[in-house]
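# Working through the structure, step by step
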Amino acid sequence: MHNIKHKLLIGLMVSAGLFSMQSIAFDFGKALEDAAKQKIDEVKNGSGATNPEQAKTPVEIDAAKNAAESGATVVPDEKAFNWKNPSTAEEIALGREITGSILGAAPLVKDVKLQQYVNKVGRWVANQSERSDLPWKFGVIESSDLNAFAAPGGYVLITKGLYQQLSNEAQLAGILGHEIAHIVQKHQLKVLQKQQLVNIGAGLITDKFSKDNKLAKKAIGSGAEISARSLDKEAEYEADRMGVVLAARAGYDAFGLPEVLQAIGQTNKTDNSVALLFKTHPHPDERLTKLGNSAGSKLDNLKAGKTLEDRFYRLKN
Amino acid sequence: MKIDLNKKNYLRALLLISLASPIFGIGGEAGTALKADTLRLTPFADAKSVGSLSKNDAVDILAKKGAWLQVTTQKSAGKKSTGWVRLLSVKRGGVSSSNQVKGLADVASGRAGTGKVVSTTGIRGLSAEELQTAQFNETEMKKLESYTLTPKDGQKFAAAGGLITSPLTYFKGAQ
């Protein structure tokens with residue numbers, strides 16, 4: 001049972017990986033939102049409401065069948081995930097599953113000082129957020145991609161490839177601020193909720209099935225699959241705006257994140273590490289422009305923050 | 001420029017670091033206006049206007065101060081003018097940051113084809129396939145969890161670095 005759960009989550013993560021590969025942003029949540037919208041349309045267009053079978057994807061039919069077959073053997077203590085109003089504990093449990101699987105693909109960099117350093121910076125930036133109560137965890141993973149991940153409940157991972165390109169603590173704070181914003185705003189979770197609620201509304205999940213975690217997770221998996229092709233830019237822009245503010249609140253130079261975006265914007269479009277980014281994501285220039293328009297004059301007279309390059313932890317290689 | 005994600009400006013970055021002002025190190029770097037904006041005499045929103053930038057204007061970035069960059073315009077006609085403009089109105093790099101230009105630069109610096117982080121570090125990327133076959137790793141997760149800090153730990157760290165919080169409300173989205 002545990003195995004299945006993980007497999008399903010891996011499906012979810014594949015798109016998470018794809019999306020965050022595109023940038024320092026974690027986008028699978030927004031992508032899922034598109035999937036949910038698509039589903040709503042399906043239902044609205046008639047087929048779903050009157051004939052649920054038609055609205056089902058093969059995966060869902062399969063899931064429903066499996067759930068039906070295993071209905072009698074559902075472990076009684078396996079409680080339903082409360083999609084309507086998940087507790088913080090449930091949020092963390094979901095994020096743990098996702099993050100643990102990413103770690104299965106790319107383990108933590110074996111450098112305790114590095115991990116501790118990133119946790120200090122991240123913790124301090126997260127303190128400035130509305131969810132400082134979460135047990136925030138930050139990690140640098142062994143991957144050369146330029147990439148960062150966020151998962152519900154306070155999990156943030158940044159790739160070694162991205163970390164190595166940074167030159168000061170304010171830039172790190174900016175990136176972590178962006179990821180923290182995704183979690184604070186529950187960007188991924190909201191989309192997963194929608195997907196679940198839509199499924200329930202469309203009669204795809206009966207009461208009995210909705211108590212089955214496996215089915216819930218199967219729905220996530222298929223949703224992520226579909227959504228790997230499209231994404232909502234707005235949550236991305238929002239995370240940029242909030243990331244800058246969180247870093248500034250923490251006393252850092254507010255322009256760490258823009259600096260990173262500036263640099264990504266100069267990356268050759270033919271470089272594999274950004275090919276997907278430039279194809280399916282708002283271009284960094286676009287993100288900078290949006291950020292500038294949103295900031296307006298609000299940063300003009302900001303007290304100069306710190307960049308702290310001197311204490312920035314540099315990797316040996 | 002200190003951050004060098006694409007590794008293509010490595011030599012330039014080195015040069016710049018050596019010439020750099022301690023704050024930023026971008027003196028002399030090329031930039032491009034992301035939108036129309038006013039050039040001002042001093043880095044303040046109410047400072048006297050000394051010119052304007054149109055979208056895609058090429059500029060030379062001379063200095064950074066807080067939210068502002070000092071730039072010189074490179075308009076081919078008309079005279080050059082120098083002034084301060086909001087940092088977020090300008091992106092680094094020339095107007096035609098096209099592949100061709102970059103490609104030529106790569107060839108010139110002998111870095112063509114080797115710019116990728118993957119090939120230089122020997123560390124694998126994180127592909128969709130790898131994620132597909134990935135298994136939940138409890139050991140790594142436990143390790144990650146072991147690094148969890150309290151809000152107080154964060155405060156101590158901030159104090160050690162002289163970081164002082166600054167109240168700032170989130171921005172609303174703009175069109």
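Further up the page is the structure itself.
Residues numbered from 1 in each chain as written. Chains lettered and ligands numbered in written order. Predicted model: local features only at pLDDT ≥ 70, side-chain atom pairs only at ≥ 80, totals over all residues.

### Describing the overall build of chain B
Within chain B, the secondary structure is distributed over six helices and seven strands. In chain B, the order of α-helices and β-strands from amino to carboxyl end is α-β-β-β-β-β-β-β-α-α-α-α-α. A burial count over chain B gives 34% of its 175 residues as buried. A fraction of 46% describes how many contacts in chain B between residues 6 or more apart in sequence connect residues 24 or more apart. (Helix = DSSP H or I, 4+ residues; strand = E, 2+ residues; numbered from the N terminus. Buried ≥ 20, exposed ≤ 12 C-beta atoms within 10 Å, placed from the backbone. Contact = placed C-beta atoms within 7 Å.)

### Focus: the nonpolar core
Residues and elements named next belong to chain A. Grouped together as the largest cluster of nonpolar side chains are 81 residues, with contacts concentrated most on Val125 and Ala247. The element that contributes the greatest number of residues to this core is helix 9 (residues 169–184), accounting for nine residues. The contact partners of Ala247, leaving out residues within four places of it in the chain, are Val125, Ala170, Ala173, Gly174, Gly177, Tyr252, Ala254, Gly256 and Leu257. (Core = buried A, V, L, I, M, F, W, Y, C linked by C-beta atoms within 7 Å.)

### Describing the packing of helix 7 (residues 112–127) of chain A against helix 6 (residues 151–160) of chain B
Two elements in contact, helix 7 of chain A and helix 6 of chain B, have axes separated by 8 Å at closest approach and are oriented at 105 degrees. The pairing of helix 7 of chain A with helix 6 of chain B is recorded here as roughly perpendicular in orientation. Here helix 7 of chain A contributes Lys120, Arg123, Trp124 and Asn127 of chain A to the contact with helix 6 of chain B, which in turn contributes Pro151, Asp153, Gly154, Phe157 and Ala158 of chain B. A breakdown of the residues in the contact of helix 7 of chain A with helix 6 of chain B according to their chemical character gives four nonpolar, two polar and three charged. (Axes fitted to C-alpha atoms, helices over the stretch in contact; angles between N-to-C directions. Parallel < 35°, antiparallel > 145°, perpendicular 65-115°, else oblique. Nonpolar A, V, L, I, M, F, W, Y, C, P; charged D, E, K, R; others polar.)

### With respect to the sheet that holds strand 2 (residues 148–151) of chain A
Residue and element names in this part refer to chain A. Here we have three strands laid out as an open sheet, ordered 1-3-2, and mixed in their pairing. The open sheet has two edge strands with one neighbour each: strand 1 (137–141) and strand 2. Adjacent strand axes in the sheet meet at a mean angle of 15 degrees when their direction is disregarded. In this structure, strand 1 lies alongside strand 3 (residues 155–159), joined through five bridges in parallel fashion. Paired with Phe138 across the strands is Val156, a residue of strand 3. Seen against the sheet, helix 7 touches strand 1 and strand 3 and runs at an angle of roughly 140 degrees to strand 1. Seen against the sheet, helix 9 touches strand 1, strand 2 and strand 3 and runs at an angle of roughly 30 degrees to strand 2. (Pairing = 2+ DSSP bridges.)

### Focus: unusual backbone geometry
All names here are of chain A. The phi dihedral of Lys186 is positive, around 50 degrees, even though this residue is not glycine. Assignment of secondary structure puts Lys186 in the loop between helix 9 and helix 10 (187–201). In this model, Leu308 sits at a positive phi of 50 degrees, which is unusual for a non-glycine residue. Along the polypeptide, Leu308 turns up in the segment after helix 16 (284–295). For Leu308, a count of 19 C-beta atoms within 10 Å translates into the label partly exposed.

### Describing the pairing of strand 5 (residues 68–73) of chain B
Residues and elements named next belong to chain B. Burial of strand 5 is extensive: five of the six residues sit out of reach of the surface. Of the pairings in the sheet, the one linking strand 4 (residues 58–65) to strand 5 comprises six bridges and is antiparallel in character. If you follow Lys65 over to strand 5, its bridge partner there is Trp68. Counted between consecutive antiparallel strands, the loop separating strand 4 from strand 5 contains two residues, among which Gly66 sits at a positive phi close to 55 degrees. Relative to strand 6 (residues 82–86), strand 5 runs antiparallel, the two being bridged by five bridges. Each residue of the ladder has a partner; that of Gln70, found in strand 6, is Trp84.

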